[in-house]
Amino acid sequence: MKVIRTVADMGEEALAIIRSSKSYGFVPTMGALHEGHVSLIRRAANENDIVAVSIFVNPTQFNENDDFEKYPRNIEADLALAEEAGADIVFNPEPEDMFSDKRDTLVMPNKLTNHLCGLSRGKGHFIGVCTVVSKLFNIIRPEKAYFGQKDAQQALIIQRMVHDLNFPVKIEICPIIREDDGLALSSRNVRIPENMRHEALSLSRALTHGKALIEDGATNAPEVINAMCEKVIEAGDVEIDYIDIVSTETLEDVAEIDDLVLLAGAIKVGGVRLIDNMLAAPAGK
Ligand code: AMP
């Protein structure tokens, strides 16, 4: 496995791969790799001759400097995991190489950011994501890129961006990997205080409860949202950022559930922000 640390070297490598006509997949990550990332890399390795993984904690998508500073980093363990999962290249650039002081161009998603994390983290978050992903696509030049359903809004926004701006890359969305107890894997999980596991689990429990209610015939979205919020509140010391039921296409709030919907939530446990989501549809849909 090659480890490439500059934009210029990655550009040369990308050109050589494209000229070799090999199939070429890409998995963008912010590192602190876990089985969720590994599942994306494995799938990319199954479907492509060459797999590039980027490890880059993107400073432009954090609105609190604190959160950026505290974001877990573990490059040596990451390289071992990426190689084991089937990566051929890890691209691990320095922030100064990715973002010059003179930069003046941003990629701005619009309506899809008016919901869920776009509201709680601010519009700047997804501008940061779209700008860095555009740059990574241009530097790495993959045919396919793999994203997790874990970040459902991000995946939808990237799919929209690729379509709207005609990026020549196919986006593949991969299922959420969870711990046995249901907690969605996240790089942030290492920061959850040990005695707050129960609180952290309240989000996946609430979403599972909401999904079951919908599958059992509940159609009133505000009622199902209330039931999910209660599950989280029951757990005790948890701050709810949002718990919502939205359209899978527009992310707009749904009032009456008569088709597939996205149940999505974000909570804070012991100062750590956790997100999760599940799809649900009424029986027969
Ligand atoms: P991150 O390093 O958090 O930016 O995540 C990199 C990619 O891994 C994103 O496409 C995430 O959606 C995906 N990912 C993160 N956690 C999981 C998980 N538990 N299951 C599946 N994919 C995940």
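Quick summary incoming for the structure in this document.

Conventions adopted
Residues numbered from 1 in each chain as written. Predicted model: local features only at pLDDT ≥ 70, side-chain atom pairs only at ≥ 80, totals over all residues. Heavy atoms only, no water. 1 Å grid on protein atoms, 1.4 Å probe; cavity = no way out; pocket = protein on both sides within 12 Å on 5 of 7 lines; lining within 4 Å. Points joined across faces, edges and corners; volume = space filled by probe spheres on them. Helix = DSSP H or I, 4+ residues; strand = E, 2+ residues; numbered from the N terminus. Nonpolar A, V, L, I, M, F, W, Y, C, P; charged D, E, K, R; others polar. Domains from an automatic or database assignment. Axes fitted to C-alpha atoms, helices over the stretch in contact; angles between N-to-C directions. Left-handed = near helix turned anticlockwise from the far one by under 90°. Contact = heavy atoms within 4.5 Å. Pairing = 2+ DSSP bridges.

## Some words on the layout of surface pockets
Roughly 280 Å³ of volume is contained in the largest pocket. Ranked by residue count, the leading element in the lining of the largest pocket is helix H3 (residues 65-70), at three residues. Among the residues making up the lining of the largest pocket, the classes are represented as one nonpolar, three polar and eleven charged. Split by domain, the residues of the lining of the largest pocket number at least three in each of domain 1 (2-174) and domain 2 (187-276). Lining the second largest pocket are 17 residues; nearest its centre among them are Ile 55, Phe 56, Val 57, Arg 73 and Asn 92.

## Focus on the packing of helix H2 (residues 35-47) against helix H4 (residues 75-85)
Two packed helices can be described by the angle between their axes and the distance between those axes. Across the interface, H2 lies against H4 with an axial gap of 8 Å and an inter-helix angle of 35°. As for how H2 packs across H4, the hand of that crossing is right-handed. Along its contact with H2, which presents Val 38, Ile 41, Arg 42 and Ala 45, the element H4 presents Leu 81, Ala 82 and Ala 85. Partitioning the contact of H2 with H4 into residue classes produces six nonpolar, no polar and one charged.

## Thoughts on the sheet that holds strand S8 (residues 261-269)
Taken in spatial order, the three strands line up as S7-S8-S9 in an open sheet, and their pairing is antiparallel. Either end of the sheet is taken by a strand with one partner, and the two such strands are strand S7 (239-247) and strand S9 (272-280). Geometrically, the sheet is characterised by an average inter-axis angle of 10° between neighbouring strands, direction not taken into account. Across eight bridges, S7 lies against S8 in antiparallel orientation. When the bridges of S8 are listed, Asp 244 appears paired with Ala 264. On the sheet, helix H10 (residues 221-234) packs against S7 and S8 and is oriented at approximately 150° with respect to S7.

## Remarks on empty space enclosed by the protein
Taken as a whole and assessed by the stated rule, the structure comprises two cavities of 30 Å³ or more. In this model, the largest cavity occupies a volume close to 850 Å³. Along the wall of the largest cavity there are 46 residues; nearest its centre are Met 30, His 37, Lys 150, Asp 151 and Gln 154. Among the elements of the structure, strand S2 (24-29), H2, helix H6 (116-120), helix H7 (123-140), strand S5 (144-148), helix H8 (152-164), S8 and S9 are those that each provide at least two residues to the lining of the largest cavity. The leading source of residues in the lining of the largest cavity is H7, at six residues. Looking at the lining of the largest cavity residue by residue, the class counts come to 25 nonpolar, 15 polar and six charged. Composition of the lining of the largest cavity by domain shows at least three residues from each of domain 1 (2-174) and domain 2 (187-276). Computed from the structure, the second largest cavity encloses a volume of approximately 70 Å³. Surrounding the second largest cavity, Leu 183, Ala 184, Ser 186, Asn 189, Ala 200, Leu 203, Ser 204, Leu 274, Ile 275 and Asp 276 form its lining. At the level of secondary structure, the elements contributing two or more residues to the lining of the second largest cavity comprise helix H9 (197-215) and S9.

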